[in-house]
Each structure stands twice: as structure tokens, then as C-alpha cells.
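Structural overview
Here is what each chain is made of, one letter per residue.
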Amino acid sequence: AQSVAQPEDQVNVAEGNPLTVKCTYSVSGNPYLFWYVQYPNRGLQFLLKYITGDNLVKGSYGFEAEFNKSQTSFHLKKPSALVSDSALYFCAVSLTGGGNKLTFGTGTQLKVEL
Amino acid sequence: EAGVTQFPSHSVIEKGQTVTLRCDPISGHDNLYWYRRVMGKEIKFLLHFVKESKQDESGMPNNRFLAERTGGTYSTLKVQPAELEDSGVYFCASSQDPGTRTGELFFGEGSRLTVL
């Protein structure tokens, strides 16, 4: 069985500071990894994905994530946080051979304050 | 281009009643997914349609849930009879190509179901 863990329910960071939202996964085979974001009263939006190749992937709104196979992690990062980044972030993994069927983590609420 | 739309945005019903949620995917997307998030927990897969056919319904909780996608366009998810534990946010998503695992899903805003 595959699973995704987001160990932090909430992350607080000051605007302008770097942010990290943590994600670890467990899956048989090579994982396809995703980050989605949910802004208030909106649906989930795709941020970025890791399929293969360079371990550092860049996505929308200045976000990036680093795939670390040995640590089975896919942490989301941004060098300088904005108040508008405040939202709920979900990490997800695609099942081997499972098309786009995603297994999600429980989500991390990011709060960026002035 | 219109995104994935879901209706209703919020439904409050009593235990034992019936509710039907509707999802209109992005035009041309053959793949349609239903997911559910119970308060504070992970978003869980319910089922996957390819056009009008159920490709994978392994996440459906029990036989009180019935999903349809007549004609391969919009989809409905009926809960009958609803129980308290069915409360949550039901998300619909669509995509063009599931086979490669490289495409992202496009999600709707979700339908919040509250069962009293």
C-alpha cells in the first residue's frame, strides 16, 4: 500500500522568509509526486510534479520541490514567502500503474504573516 | 475555458435522506474522478470514470454511494441513505490522459456535504 505523510498540520512563516512544507511518501516502485494547493473557497490547483529526471522541480508561483529518494521525501519550498501564499497544501503520490489516481496527504495549512 | 464545476457547493441534509452531487468536467476530458475529504483528514479517492465507464471504483465506501456518468459528460454521485460519517467535501477532478501518470488533475471547488 502507498501512503503520504505531511507531519505538520500548520506552518507559520513571516513574509519574505523562506518556507518549507514537508512531505514523505511510501510507495512500491518509482513514485510520481505532486503538490496541490487549495486557496480559501477554491478547488485544488496543481503546483508542480516530479516524474523523472532532475530532482529539483520548479512549479507555479515560485514554488519548487526536491525529490530525495533515499529519504523518500518531496518537500515543498519557496525562497521568499508572500502573504498570498497562505493556503492549504497537499502532497500526493501516484500509484504505480494507477494512471492519475492520487493518494494524498492530510494537508498542511501555510500561514504567512507580515 | 470553463473549469470543473460542481453543484451544489454546500448541502445540509438529515441522516437517512438522499443527496445527489453533480460534476461537469472540462470539455473534452474523458477522465473524471471523485475524491472525498473528511474533516481534517486526507483526500481519498472514490472512483474513476473513463468516458461513461467505471475504470476504478475501489474507493467507494459502500453501496449507499452510486456514481454515474451517462453519455460520458457530466457525472453524478448519489448518497442514499446518507449517514453522519458521509459528511465531508466531495471533490471532482478531470484530466485528458491518465495512462502516462504525467498529467495533472483539474479539480472543482468541491461540494460540502453536512449530514445532521
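Residues numbered from 1 in each chain as written. Chains lettered and ligands numbered in written order. Predicted model: local features only at pLDDT ≥ 70, side-chain atom pairs only at ≥ 80, totals over all residues. Heavy atoms only, no water.

What about the overall build of chain A?
Spelled out, the test is: For helices the rule is a DSSP run of H or I covering at least 4 residues; for strands it is a run of E covering at least 2, with both sets numbered from the N terminus onward. Atoms counted for the radius of gyration: C-alpha only. Globule rule: 2.2 Å times residue count to the power 0.38. Buried residues are those whose accessible area, probed at 1.4 Å on protein chains only, stays under 20% of the maximum for their type, while exposed residues exceed 50% and partly exposed ones sit between those limits. Residue contacts are defined here by distance: any two heavy atoms, one from each residue, within 4.5 Å place the two residues in contact. Working definition of accessibility: Shrake-Rupley area with a 1.4 Å probe, residue cover restricted to the visible protein chains. His residues and chain termini do not enter the charge count, which takes Lys and Arg as positive and Asp and Glu as negative. Charge positions are represented by NZ for Lys, CZ for Arg, CG for Asp and CD for Glu.
Scanning chain A from N- to C-terminus turns up zero helices and 12 strands. If you list the helices and strands of chain A from N to C, you get β-β-β-β-β-β-β-β-β-β-β-β. Taken against the 2.2 N^0.38 rule, which gives 13 Å for 114 residues, the C-alpha radius of gyration of chain A at 13 Å falls within 12% of a compact globule. Across its three principal directions, the C-alpha atoms of chain A cover 45 × 30 × 20 Å. The buried share of chain A, reckoned over its 114 residues, is 50%. Sequence-distant contacts in chain A: of pairs separated by 6 or more residues, those separated by 24 or more amount to 55%. As presented, chain A carries roughly 5200 Å² of accessible surface, and 48% of it is formed by carbon and sulfur atoms. Distance between charge centroids for chain A: 8 Å, based on 9 positive and 8 negative side chains.

Describing the overall build of chain B
Of the regular secondary structure elements, chain B holds zero helices and 11 strands. In chain B, the succession of α and β elements from N to C terminus is β-β-β-β-β-β-β-β-β-β-β. The dimensions of chain B, computed from C-alpha atoms along their principal axes, are 40 × 25 × 25 Å. By residue count, 46% of the 116 residues in chain B fall in the buried class. Of the roughly 5800 Å² that chain B leaves accessible, carbon and sulfur atoms contribute 47%. Mean positive and mean negative side-chain charge positions of chain B (13 and 15 charges, respectively) differ by 5 Å.

Quick look at the interface of chain B and chain A
For clarity, the cut-off: A simple way to read buried area is as the amount of 1.4 Å-probe accessible surface that goes missing from two parts once joined, with both sides added. Salt bridges are defined by distance alone: a side-chain nitrogen of Lys or Arg within 4 Å of a carboxyl oxygen of Asp or Glu. By the criterion applied in these results, polar contacts are pairs of N or O atoms within 3.5 Å in which, for protein atoms, one can donate a hydrogen and the other can accept it, and in which residues neighboring in sequence qualify only through two side-chain atoms. In this classification, Asp, Glu, Lys and Arg are treated as charged, Ala, Val, Leu, Ile, Met, Phe, Trp, Tyr, Cys and Pro as nonpolar, and every other residue, Gly included, as polar.
Listed by partner, the interface residues are 23 residues for chain B and 26 residues for chain A. Of the roughly 1900 Å² buried between chain B and chain A, counting both surfaces, carbon and sulfur atoms make up 54%. Where chain B meets chain A, there are one salt bridge. Close ionic contact of D56 of chain B with K101 of chain A constitutes a salt bridge, the shortest N to O distance being 3.0 Å. Applying the counting rule to chain B against chain A returns five residue pairs in polar contact (both at pLDDT 80 or more). Of all the elements, strand β4 (residues 31-37) of chain B adds the most residues to the side of chain B that touches chain A, at three residues. When its residues are assigned to classes, the side of chain B that touches chain A shows eight nonpolar, seven polar and eight charged.

Comments concerning the side chain of S94 of chain B
All names here are of chain B. Relative to the assigned elements, S94 resides in strand β9 (residues 88-95). One polar contact links S94 to H29, side chain to side chain, over a distance of 2.8 Å. Here S94 is in contact with V4, P25, I26, H29, N31, L32, E104, L105 and F106, once residues within four sequence places are set aside.

Focus: the packing of aromatic side chains
Selection rule: Here is the rule: rings of Phe, Tyr and Trp (six-membered ring for Trp) pair when centre to centre is within 6.5 Å. Planes less than 30 degrees apart are stacked, more than 60 are edge-to-face, and the remainder are tilted. Only when the NZ atom of a Lys or the CZ atom of an Arg is both within 6 Å of the ring centre and within 35 degrees of the ring normal do we say a charge sits over the ring.
Counted by the stated rule, this structure contains 16 aromatic pairs over all chains. Centroid distance Y39 of chain A to Y61 of chain A: 6.5 Å. Interplanar angle 85°. Geometry classified as edge-to-face. Of the two residues, Y39 of chain A sits in the loop between β5 (32-38) and β6 (44-50) while Y61 of chain A sits in the loop between β7 (56-58) and β8 (64-68), which places them 22 residues apart along the sequence. Y39 of chain A gets classed as buried once you look at its relative accessible area, which sits at 16%. Ring geometry for F63 of chain A and Y89 of chain A: centres 5.5 Å apart, planes at 45°, overall tilted. Taken together, the residues F63 of chain A in the loop between β7 and β8 and Y89 of chain A in strand β10 (residues 87-94) connect sequence positions 26 residues apart. The burial state of F63 of chain A is the same as that of Y89 of chain A; both residues are buried. Taken together, F34, Y36, F46, F90 and F104 of chain A together with Y33, Y35, F45, F91 and F107 of chain B form an aromatic cluster joined through their ring pairs. In this arrangement the basic side chain of R22 of chain B is found over the ring face of Y74 of chain B, its NZ or CZ atom lying 3.7 Å from the centre.

Quick notes on the pattern of salt bridges
Going through the model one piece at a time under the given rule, you end up with 10 salt bridges over all chains. One salt-bridge network, in which partners are shared between bridges, spans R64, E85 and D86 of chain B.

Re the environment of P31 of chain A
All names here are of chain A. The topology assignment puts P31 in the loop between β4 (24-26) and β5. Sequence spacing of P31 and T72 is 41 residues, and the spatial spacing of their C-alpha atoms is 9.4 Å. Contact partners of P31, with chain neighbours within four places excluded, come to Y25, Y50, I51, F67 and V93.

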